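# Working through the structure, step by step
Each chain, letter by letter, is given below.
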Amino acid sequence: MSRVSLLAASMALLGALGCRRAPPQPEPQTETGRATVVEAPTSDEALSGYLDGAVIDASYDTITLARLLRSLPRPSPTPSPLVSVFGGLVDHFSARGDARLDAIGLQQDARIRLSIRPLDGRAAAVRKLLGELESDGAPAPELVTQLSSQGRTLGVHLRASLPTSDRARLLRVLERLTIGDDDVGDWAQACETLDRVALCSGRPRLLVWARSEGEDRLRVDGIYLFYAGAEPADLARAIERADTWPTAAAAPEYPNDPVEHDRAPIQVLVHAGPTLALLEAEALADAVVRAGADTLDYHEYLDLERALKDSYPQARVFEGVGMNMDYADDRLSIDVRWIAAERPPAPLPELFAPIIERGALPVTHGDCEAAQACVRIGGLSMVTRFAPLADGPFADTVGAARVLRHAGDRGLVMLGLCSWPNLLGTAGVMAQSSEGMIGRAQSALLNDSYGLGLMLLELGDDPSASVGERWVGYLRAGPGVLTAIRPVLTLAGSSPEAVELPGVEASVERGLYEEVAVYLVDEAARRGGHGAWMIAADADERVGWLLETPRDDPSEHEIEPLWLLRVAALGPLAAREDVPYADDPPVRKWLDRRSLELRGRFTPSGPQLELQLESR
């Protein structure tokens, strides 16, 4: 996404509870001196905090969440309201996390429940009006104003149910978290439209309000707009729609939650369908603003809209992802499982059966320990099992390339949630093709490849060097692949020539493709050698180093892990990839001290990812 990730958005909006409210409203006092407030509409206890049609549902153990917040960096002050509120939360939990819960009025060992949904009540009308104005050579000024205002009501709606041990104390803490005066500016009128709330807080593009929910809970709603500048009447309608939005009809079904006491400290569900609606709303808001600045390419926007819809194919295997998280001993552990579609087009046990083949890949402790970052992907020949999913826009490479090109980063979100098996299906169709020289090469690469990898041994300080100063990447394949790929390299202007590399007991050919050295290695002459390699590297020395690393047993065995990513220190890589706020000194210091490992595998119930982020 072009702003913040969906999960980050939900966490930041939860942090928005720290905004300061509008001019104080009278609060009756009980005999104990605690404030009483009008209660939110009653709902089933297990459903409070969960919105109908949510993009994200989440449940957090308060102690674990407090410890996690305490471990995070405090970003430098910025104009962003979400970053400012997040910084306030980190400051507030800088003391021992569980001890701070009592001090701020939150219950210990209780669950925070929250969800976010698209704030897109005017999306259909905005989309229609945008099309009409784009086809009108001289649109009426009042319609242009209407489009601008309604388009700026698009955003995100959050609802949270907070377990409180002292409501008055919690409300006071929420007030103190903000920075600024009591004037909520553009939101002042909006706060007046809400009926007797205990808290109404405003920052640019962000409004939060709270009401009591029974004896020991506080219901908090928040809206975050993609752009500021909507007319008060349009804002009022958006707020009323959010305030009265219904609770979900059923509690979320988190993965691996067979019994109540066995659930993970932090649980998150991300739903693909509502995510598509949120991405479409964000893209529409962007288009409205560009139209107002006379910089909109309307046909480009229509291509984006179509590509986003295509990234949520009808023949899909998944409807989103579920995550179980824990934070202990300065280590964040995340287990990711995909949510199966109601009627998947193929049985999951067939698609995701463990992959057994001749691996002969460099073992993970051989190639990754010496690298600042490394990736290893095994079992490429399994793409043929996904060929039945090559349907609709993913039926061929032309359609898949169009989706990827026009949908951009938003499309990658949808691919990750639901449609990546369809993209593997496109590759599976390619593997079955044998037409022409390129078709035969593609088929050989996909059918007779054991895996690929990339090791970044030294990143360096030059961001123009996309993979660093010392690096090597490889594709491990059968010997027939070299025969199929040589003509393609020659056609591309790279004619490999035989070379001898010190210490390498194999037949080696070296060519140049777009200023990158490419090596074809046939191990037939090597004692105990198996298959071939296609290697790209910054220097000959890296090829020798790779071929000397230990190998997996070349006998048939299960490829495990199927996917591996290791990053020794996140800071340098995040800075090179322009990750938001990676150049902020407190954030960079925190990233420099964190390593990341991700492992993925296939199971009969579906794919599984295990991620660990820990202090070095």
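Our subject is the structure listed above.
As a starting point, this report considers the structure included with it. (Residues numbered from 1 in each chain as written. Predicted model: local features only at pLDDT ≥ 70, side-chain atom pairs only at ≥ 80, totals over all residues. Heavy atoms only, no water.)

### Brief notes about the state of the cysteines
When the sulfur atoms of two cysteines share a covalent bond, that bond is a disulfide. On inspection of all chains with the given rule, the structure shows one disulfide. Between the sulfur of Cys-191 and that of Cys-200 lies a disulfide, 2.0 Å long from S to S. When the S-S torsion is -85°, as for the bridge of Cys-191 with Cys-200, the disulfide is left-handed. Look at Cys-191 and you get buried, because its relative accessible area is 2%. Judged by relative accessible area, which is 2%, Cys-200 ranks as buried. (Disulfide = S-S within 2.5 Å. Buried < 20%, exposed > 50% of the residue type's maximum accessible area, 1.4 Å probe, protein only.)

### Section: the nonpolar core
What tends to happen in soluble globular proteins is that the nonpolar side chains get buried as a cluster. Judged by nonpolar contacts, the single largest core of 106 residues is most densely connected at Val-268, Phe-352 and Phe-602. By residue number, the principal contributor to this core is helix α10 (residues 272-292), which donates ten residues. Within the second largest apolar cluster, 21 residues are counted, among which are Tyr-474, Val-499, Leu-546 and Leu-547. (Core = buried A, V, L, I, M, F, W, Y, C linked by side-chain atoms within 4.5 Å. Helix = DSSP H or I, 4+ residues; strand = E, 2+ residues; numbered from the N terminus.)

### Description of the packing of aromatic side chains
Inspection of every chain in the model, using the stated rule, returns twelve aromatic pairs. Relative to Phe-386, the ring of Phe-352 lies with its centre 5.6 Å away and its plane at 65°, an arrangement referred to as edge-to-face. Note that Phe-352 is positioned in the loop between α12 (348-351) and β10 (356-358) and Phe-386 in the loop between β11 (373-378) and α14 (397-431), a separation of 34 residues in sequence. The ring of Trp-245 has Arg-117 sitting right over it, with the charged end atom 3.6 Å from the ring centre. A cation over an aromatic ring shows up here: Arg-316 above the ring of Tyr-312, its NZ or CZ 3.8 Å from the ring centre. (Phe/Tyr/Trp six-rings, centres within 6.5 Å; stacked < 30°, edge-to-face > 60°. Lys NZ or Arg CZ within 6 Å of the ring centre and 35° of its normal.)

### Notes on the packing of helix α15 (residues 436-447) against helix α16 (residues 480-491)
It is the contact of α15 with α16, at a shortest axis distance of 9 Å, that shows an interaxial angle of 135°. As summarised for this structure, α15 and α16 are arranged oblique, according to the angle between their axes. Between α15 and α16 lies a crossing of left-handed hand. Listed contacts from α16 to Met-437, Arg-440, Ala-441, Ala-444 and Leu-445 of α15 are Val-481, Ala-484, Ile-485, Pro-487, Val-488 and Leu-491. (Axes fitted to C-alpha atoms, helices over the stretch in contact; angles between N-to-C directions. Parallel < 35°, antiparallel > 145°, perpendicular 65-115°, else oblique. Left-handed = near helix turned anticlockwise from the far one by under 90°. Contact = heavy atoms within 4.5 Å.)

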